[in-house]
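Observations on chain architecture
Here is how the chains run, residue by residue.
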Amino acid sequence: MSGTRRGSGVERTIREMFADAGVRGWLHVAELDRPSAQVTIDPDEAVPMGSVYKVPLMVAFCRLADAGEIDPRERLTLEPPDRVAGPTGISILQDAVTMSLRDLVVMMMSVSDNTAADALLRTVGTSVVDEVCRDLEMPDTRIHGGVAGTWDRLLTETGTDSLPAAMARLTSNDDTVPEVVYNPLSKAATTPADMARLLRAIWTGRAASPERCAFMREVMGRQPWRHRLASGFPYDDVTVSGKTGTFGSMRHEAGVVELPDGSTYTAVVFTQAARADSVLPRADAVIGAAARTAVEELRGNAGT
């Protein structure tokens, strides 16, 4: 199977699933070892990616470590003024924290710690991350300063004077959010196809050295969130590794699904909800359901 045709049965099914959940969806699910076997929906359309930007940042860090340009054991002390807003990790602590760079990667990838990610991005450099994306054939991916840059621009775009006020506007169904807020040209943005290529490079050992790729796979497997991609595969013998991303009405996950028979799939699902509510369980769950539908389609066509 070389990919689904526009209007194919599985594509129609997944589009209906997205519509029933009240979201617009983008999807790229493919066999790891045979990437031409894929199910896709608008895979080359760029969208703001939220915390999914932490995956290429992790790869850039690992490549610098491979080259000896960064010592993963180097320790940084992050003072309270260094905090970047976020619901987890160092972002919610009140005192100084000292941690190695590689442990900051673990915090960034496991609990999506925004402060850890910002410290790493300042160490690695935005231009280095963008260069890694070019080298790994991700032409439509740009970081644009990560979450800190997104928060700074958001105040201007929403006409507010604080991040809580800006976020309140994004999650209000009574306000019209300016179109520029979700413009991928001014945000950390990517496409499902780009992220699928990056995940494949990590899982096949091409993104960095074998040692560093094993580290990246391990930390992505430590993400505790089970309400998106993993919700479609609720079995002890299925391994789901991934990175979520959330920005306003957008809910994403990019990950890898490993089945007990050894078959492995890259799965990237991005969504944007019609409603602005911060809690929309169906919008989260459809990410896993859509990915599972695509995986089942590929398994049913294996060898054809």
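Here, every reference points to the structure presented above.
Let me begin by describing the structure that accompanies this report. (Residues numbered from 1 in each chain as written. Predicted model: local features only at pLDDT ≥ 70, side-chain atom pairs only at ≥ 80, totals over all residues. Heavy atoms only, no water.)

What follows is about the overall build of the protein. Tallying secondary structure elements over the protein gives ten helices and nine strands in all. Along the longest, intermediate and shortest principal axes, the C-alpha atoms of the protein span 55 × 50 × 35 Å. Residue burial in the protein is summarised as follows: out of 304 residues, 54% are buried. Of the contacts formed within the protein by residues at least 6 apart in sequence, a portion of 66% connects residues at least 24 apart. Surface summary for the protein: the accessible area is close to 12,800 Å², and the carbon and sulfur share equals 49%. Charged side chains of the protein number 32 positive and 41 negative; the gap between the two group centres comes to 2 Å. (Helix = DSSP H or I, 4+ residues; strand = E, 2+ residues; numbered from the N terminus. Buried < 20%, exposed > 50% of the residue type's maximum accessible area, 1.4 Å probe, protein only. Contact = heavy atoms within 4.5 Å. Areas by Shrake-Rupley, 256 points an atom, 1.4 Å probe, with all protein chains shown as cover. Lys, Arg positive; Asp, Glu negative; His and termini not counted. Charge placed at Lys NZ, Arg CZ, Asp CG, Glu CD.)

Once that is clear, we can look at the sheet that holds strand β7 (residues 239-247). In spatial order, the strands read β2-β1-β9-β8-β7; together these five strands make up an open sheet with antiparallel pairing. The two strands at the open ends of the sheet, each matched to only one other strand, are β2 (38-41) and β7. Averaged over all neighbouring strand pairs, the angle between strand axes comes to 10 degrees, with direction disregarded. In terms of strand pairing, strand β1 (residues 23-31) meets β2 through four bridges, oriented antiparallel. Considered in β2, the bridge of valine 29 is made with valine 39. (Pairing = 2+ DSSP bridges. Axes fitted to C-alpha atoms, helices over the stretch in contact; angles between N-to-C directions.)

This part takes up the side chain of arginine 200. Note on placement: arginine 200 falls in helix α8 (residues 192-203). It is glutamate 137 that comes nearest to the buried, bridge-free arginine 200 among opposite-charge side chains, at 7.7 Å. Each residue touching arginine 200, except ones within four places of it in the same chain, is listed here: His28, Ala30, Leu32, Pro35, Arg206 and Thr266. (Salt bridge = Lys/Arg side-chain N within 4 Å of Asp/Glu carboxyl O.)

Centre-to-centre distance and the angle between the planes together describe a pair of aromatic rings. Under the counting rule described, the total for this entry stands at one aromatic pair. The interplanar angle of 70 degrees and the centroid separation of 5.6 Å between the aromatic rings of tyrosine 182 and phenylalanine 247 together place this pair among those described as edge-to-face. Of this pair, tyrosine 182 sits in the loop between α7 (163-170) and β6 (189-190) while phenylalanine 247 sits in strand β7, and the two are 65 residues apart along the sequence. Each member of the pair, tyrosine 182 together with phenylalanine 247, is buried. (Phe/Tyr/Trp six-rings, centres within 6.5 Å; stacked < 30°, edge-to-face > 60°.)

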